[in-house]
Every structure is written in C-alpha cells, then in structure tokens.
Amino acid sequence: MTEAIELPQFPFHRTCPFSEPDIYHRSRSESPITRIRMVDGRPAWLLTRYEDVRAVLNDRRFSSDKAASDYPVFVVGQKEGLDKSERFLVNMDGAEHAAARRAVISEFSTRRIAALTPHIQLTVDEAIDKLLELPRPADLVRAVAMPVPARLTARLVGVDHTDDGLFQDLTSRSVRHDLSAEERVRFAEEVRAYMDSLVTAKMACPGDDLLSRQITQQRAEHGEVDVAGLSSLAVLLMIAGQETTAETIALGVLSLLTHPDQLAEMTSDPDKVPLAVEEMIRYFTVLDFGPPRLATEDVEIGGVLIRAGEGVVANIYAANRDGAVFSAPQTLDVRRANARQHLAFGYGPHQCLGANLVRHELRIVFETLFRRIPTLRLAVRIDELTFKNEGLIYGVQELPVTW
Ligand code: HEM
C-alpha cells in the first residue's frame, strides 16, 4: 500500500460545534507534526501545536503561491479556479506581497475602522430592526449574521448596496466544498466580470471608497490603473470578509445563548465585550482549511525536517486549542485574559488585514443585539441545527431565535 492511501484525509470535519476533531488533540499530544492526505491524493504535513503553526506562518521559506504545482490542494478545482496570470495578495510571497499589502494597509488602520463606527452601528441597528419585524421564530443568520458583514465590506470596497444579495450568493458559493472544477472556474469568471466592470465604472466616476482611492493612488504613482489587479483585490476582500465574519457572528450568538453564565458575564459591563469577542474568535476559529503553505527550502520545524516541495497545513484551529498556551482550551471563557493571543487571523506577513474591522464589528453586533433584545433565545434544540461542515469555513446553516 502506498502512503497516500493510508493517511488521514484532510480537511477534517467537526462533529460538534464546540469540540475539535479528535485527530487534532490526538496529534497535538502524540505526534504534533503528522502526515495527512490532501484532496488530490498527495501527502502533506499537518501541524497542530501553537508554537509550530506560528513558526511556519511567520517563516518566509514557506510559500503562499497557490498556483505553484506542488501547493497543497484543500478543495476540488482549487488550481483550475485560479487564473495563473493574476496575482492575489493571499497568493503572493516576499517583496511582491509586502508591496501589495503596503498599498492597502491604511484602509484597515484602527483609525479608519474607528471612523466607520456610526456606519457600523447604523447597519447593525437596521438589521436588528428587520429581525424584530419578522414573525417568530426568525433566522438570525439571514437577518443579521449574513447581511451585516456583506453591507460593511461592500461599503468599504465600494460595491453598491443593491448588489449585496449577489455578493452574499457569490461568497456562499465560493466556500462550498461540493463545486466541481468546471463550476469553480465558471464561478471565478462570473465574479471577475462583475468586478472588472465595477473598477472600470469607478475610473470614470470615483467615489469615497477603497477602490476609488486605489485608482487615484495608482494613477499618481504609475500613471495608469491595473484594472485586473484591483478587480482581484476587490474579489478577495468581499470573499475573505463575508463568510468568516458571518459565521463567527452566528456561532458566537449560539455559544452565548447556550452558555447563559458567559452571556451574563459579557453583558454585565460593556467593557467586557472586547475580550468576549476575542474568545469567541479563538473558540470557533472558523477557517477549517489550514491555512496551507509550501516549503521552498528544507526547514526544520519542531524537530521534523520538512523538505523543499512538501506541503504543510498550519492548522490554526488546532493551535487555538493548545493547552500549552490556553488553559482549559476546550472551554468557552469570555474572561480568558490571553484570548487575544489566538491565531484565528493567522500570523506573520499574511495575518488577516480585516482583523480590526472584524473586532469592531463583532463588538457592536454582540453589544447591540443583547442590549436591544435581552430576552433573545434559541427557538430549537441545539441538536436540531444543521452545521456547515465542509472543511472550508465552519458555520451554522440557520439559527432560529425567538424573544
Ligand atoms: C472572523 C472573520 C475573519 C477571519 C477568522 C479571518 C481569517 C483570516 C486568516 C486566517 C487569514 C490568513 C490566511 C493565510 O495566512 O494564508 C486571513 C487573511 C486575510 N483576510 Fe481575513 N479573516 C476574517 C475577516 C476578514 C475581513 C472582514 C476582511 C476584509 C474585509 C479580511 C481580509 C483578509 C485579507 C485581505 C487577507 C490576506 C492578507 C494577506 O495575504 O496579506 N478578513 N484572514
């Protein structure tokens, strides 16, 4: 038998919203760097310890170039869906990545995100107003968790509000596991065509948004606009920010409704909300596919030699459940003093650009929701819920609530 047949198949599926897959805690204690099989049948290394995951994510000898032939494949059609000629921030390495990141980082500064507070508050209040108008029980995912991040990212990037529905649909499709390679390619083309026309429209008629500012900046620096590059950036921001944030909101609300002591602790003082938000981001770590990396040189990590050309999965979910860093890691504890040390936003050069936005948004969502609807409760038993467990972004399909 070949190694590829015997190895555990990645991605691993969660059997319960609150517990990690068995392989993670087994691996952390017995064999923290272990072999797994990716969806294309090729082997890769799975890293489950906090220290090792952080080391890989912060080591430039591990590449993020998803178009590379040896790059670990975690979803069918991953490579076919990539246009080899275009470069995304998340797919870049080294100096190219640093320059692309520098061009947009000011859009996500604490100051710029803080300035969005009135808009975030208004968006959250409008979603809650709509929730309160619905017949009970109402689905919190559709009413709040999905539309709030969609509207906020749309506003930031410069996508028209009326396109929210289209983007929610596109982003939910992009993280589905069951798309064929052809569907993934078609989907990528559809999104691409939409964004190309948006960038072109903004070149003629700029607004007060990220895309328009990037257009002005590029014209000033290079005398021309990289339409394809800006279109890729816009797609990345819309997709990266949607499902991840929506699922963290939905799972966060679920966890608070099922852990009333934690909810009481969080709502006892608005100053406690930021720490509670960090803990929910740690506890759920919704990204289930790694992130993966490709070794470009031989590197020793945690006593294991990873050879050039081998793939690794730096598993941030397993790392965030590492008892060496987080005491009682399987317990949701909104008072956890070091919750902010989590790796749910990644680490090192590719650390999530949207982290400030997510933190601010989640604080406003949780604070406002439980202040405005103190009697909010689940309308079904937890075992009646259906979870999105496809190994990409973890989440809950619907969250029926009443009040
Ligand atoms: C709970 C919500 C979110 C989570 C858990 C999350 C998680 C992550 C993780 C783990 C990475 C690192 C990927 C890697 O190392 O390969 C990442 C990167 C990124 N995220 Fe997020 N993200 C969230 C929301 C957002 C939002 C709201 C935005 C923007 C609107 C965003 C934009 C990005 C971008 C642009 C990158 C790539 C950065 C780079 O490659 O330099 N994310 N995110």
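Everything below is about the structure printed above this text.
Criteria and cut-off values
- Residues numbered from 1 in each chain as written.
- Predicted model: local features only at pLDDT ≥ 70, side-chain atom pairs only at ≥ 80, totals over all residues.
- Heavy atoms only, no water.
- Near = heavy atom within 4 Å.
- Polar contact = N/O pair within 3.5 Å; in protein donor to acceptor, adjacent residues only side chain to side chain.
- Helix = DSSP H or I, 4+ residues; strand = E, 2+ residues; numbered from the N terminus.
- Nonpolar A, V, L, I, M, F, W, Y, C, P; charged D, E, K, R; others polar.
- Donors = N, O, S within 2.8 Å, 3.2 Å for Na, K, Ca; no water.
- Buried < 20%, exposed > 50% of the residue type's maximum accessible area, 1.4 Å probe, protein only.
- Contact = heavy atoms within 4.5 Å.
- Pairing = 2+ DSSP bridges.
- Axes fitted to C-alpha atoms, helices over the stretch in contact; angles between N-to-C directions.
- Phe/Tyr/Trp six-rings, centres within 6.5 Å; stacked < 30°, edge-to-face > 60°.
- Lys NZ or Arg CZ within 6 Å of the ring centre and 35° of its normal.
- Arc of directions from axis to C-beta.

Caption draft 1: The site of the ligand, seen in detail. Near the ligand there are 25 residues, and of these His97, Arg101, Arg293, His350 and Cys352 occur at the shortest range. Arginine 293 places a polar side-chain atom, nitrogen or oxygen, 2.7 Å from an oxygen atom of the ligand. A distance of 2.7 Å is found between an oxygen atom of the ligand and a side-chain nitrogen or oxygen belonging to histidine 350. Elements represented by at least two residues in the shell around the ligand include exactly α4 (94-104) and α12 (227-258). At seven residues, α12 tops the list of elements feeding residues into the shell around the ligand. Taken together, the residues of the shell around the ligand sort by class into 14 nonpolar, nine polar and two charged.

Caption draft 2: Local environment of the coordination of the iron atom of the ligand. Just one protein ligand coordinates the iron atom of the ligand, and it is Cys352 (SG) at 2.3 Å. Inspection of the secondary structure puts cysteine 352 in the loop between α15 (316-319) and α16 (355-372).

Caption draft 3: Main features of the side chain of threonine 285. Tracing the sequence through the fold places threonine 285 in the loop between α14 (273-284) and β5 (292-295). Accessibility expressed as a relative area gives 2% for threonine 285, which makes it buried. Side-chain polar atoms of threonine 285 contact the backbone oxygen of arginine 282, separated by 2.5 Å. Those residues in contact with threonine 285 that lie beyond four places of it in its chain are Arg14, Met280, Ile316, Tyr317, Asn320 and Ala344.

Caption draft 4: Expanded view of the pairing of strand β8 (residues 311-314). Across the two faces of β8 the burial is the same, with Gly311 and Val313 and Val312 and Ala314 all buried. Two strands pair when backbone bridges link them, and strand β2 (residues 43-47) and β8 are joined in this way by three bridges, in the parallel orientation. When the bridges of β8 are listed, leucine 47 appears paired with alanine 314. As paired strands, β5 and β8 are joined by three bridges and run antiparallel to one another. When the sheet's bridge partners are listed, arginine 293 is paired in β8 with valine 312.

Caption draft 5: Molecular detail of the sheet that holds strand β1 (residues 33-37). The five strands are arranged β1-β2-β8-β5-β3 in an open sheet whose pairing can be described as mixed. Lying at the two open borders of the sheet, with one neighbouring strand each, are β1 and β3 (62-63). Pairing of β1 with β2 involves five bridges; the strand directions are antiparallel. Each bridged residue has a counterpart across the sheet, and for arginine 35 the counterpart in β2 is tryptophan 45. Here helix α3 (residues 50-57) sits on the sheet and contacts β1, β2, β3, β5 and β8; the angle it forms with β8, its principal contact strand, is near 120 degrees.

Caption draft 6: Representation of the sheet that holds strand β9 (residues 377-378) in the model. Here three strands make up an open sheet; going across it, the order is β4-β12-β9 and the pairing antiparallel. Both outer strands of the open sheet, β4 (138-139) and β9, are each paired with one neighbouring strand and no more. As paired strands, β9 and strand β12 (residues 400-402) are joined by two bridges and run antiparallel to one another. Note that in β12 the partner of leucine 378 across the bridge is valine 401.

Caption draft 7: Focus on the packing of aromatic side chains. Scanning all chains against the criterion turns up nine aromatic pairs. Both rings, one in phenylalanine 18 and one in phenylalanine 284, keep their centres 6.2 Å apart while their planes meet at 50 degrees; by these two values the pair is tilted. Here phenylalanine 18, found in the loop between α1 (3-6) and α2 (22-30), pairs with phenylalanine 284, found in helix α14; they are 266 residues apart in sequence, far enough to count as distant. For phenylalanine 18, a relative accessible area of 16% translates into the label buried. Look at tyrosine 50 and phenylalanine 326: their rings are 5.9 Å apart centre to centre, the planes differ by 80 degrees, and that puts the pair in the edge-to-face class. Of the two residues, tyrosine 50 is situated in helix α3 and phenylalanine 326 in the loop between α15 and α16; the sequence distance between them amounts to 276 residues. A residue is classified by how much of its surface remains accessible, and tyrosine 50, at 5% relative accessible area, is buried. Here the aromatic cluster, defined as three or more aromatic residues joined through ring pairs, consists of Phe10, Phe12, Tyr24 and Tyr317. The residue whose ring lies beneath arginine 282 is phenylalanine 326, and the NZ or CZ to ring-centre distance is 5.2 Å.

Caption draft 8: A look at α2. Those residues of α2 that fall on the buried side of the exposure criterion are Ile23, Tyr24, Ser27 and Arg28. Projection of α2 onto a plane perpendicular to its axis shows the buried side chains occupying an angular sector of 130 degrees, all on one side. In α2, the exposed positions angled more than 90 degrees off the buried face are occupied by Asp22, Ser29 and Glu30. Residues of α2 that are buried sit in contact with β1, β2 and α15.

Caption draft 9: Structural view of the side chain of threonine 48. Within the fold, threonine 48 resides in the loop between β2 and α3. There is a polar contact of 3.2 Å between the side chain of threonine 48 and the backbone oxygen of proline 32. Sequence-distant contacts of threonine 48, that is, excluding residues within four places in its chain, are made with Tyr24, Ser27, Arg28, Pro32, Val53, Ala318 and Ala319.

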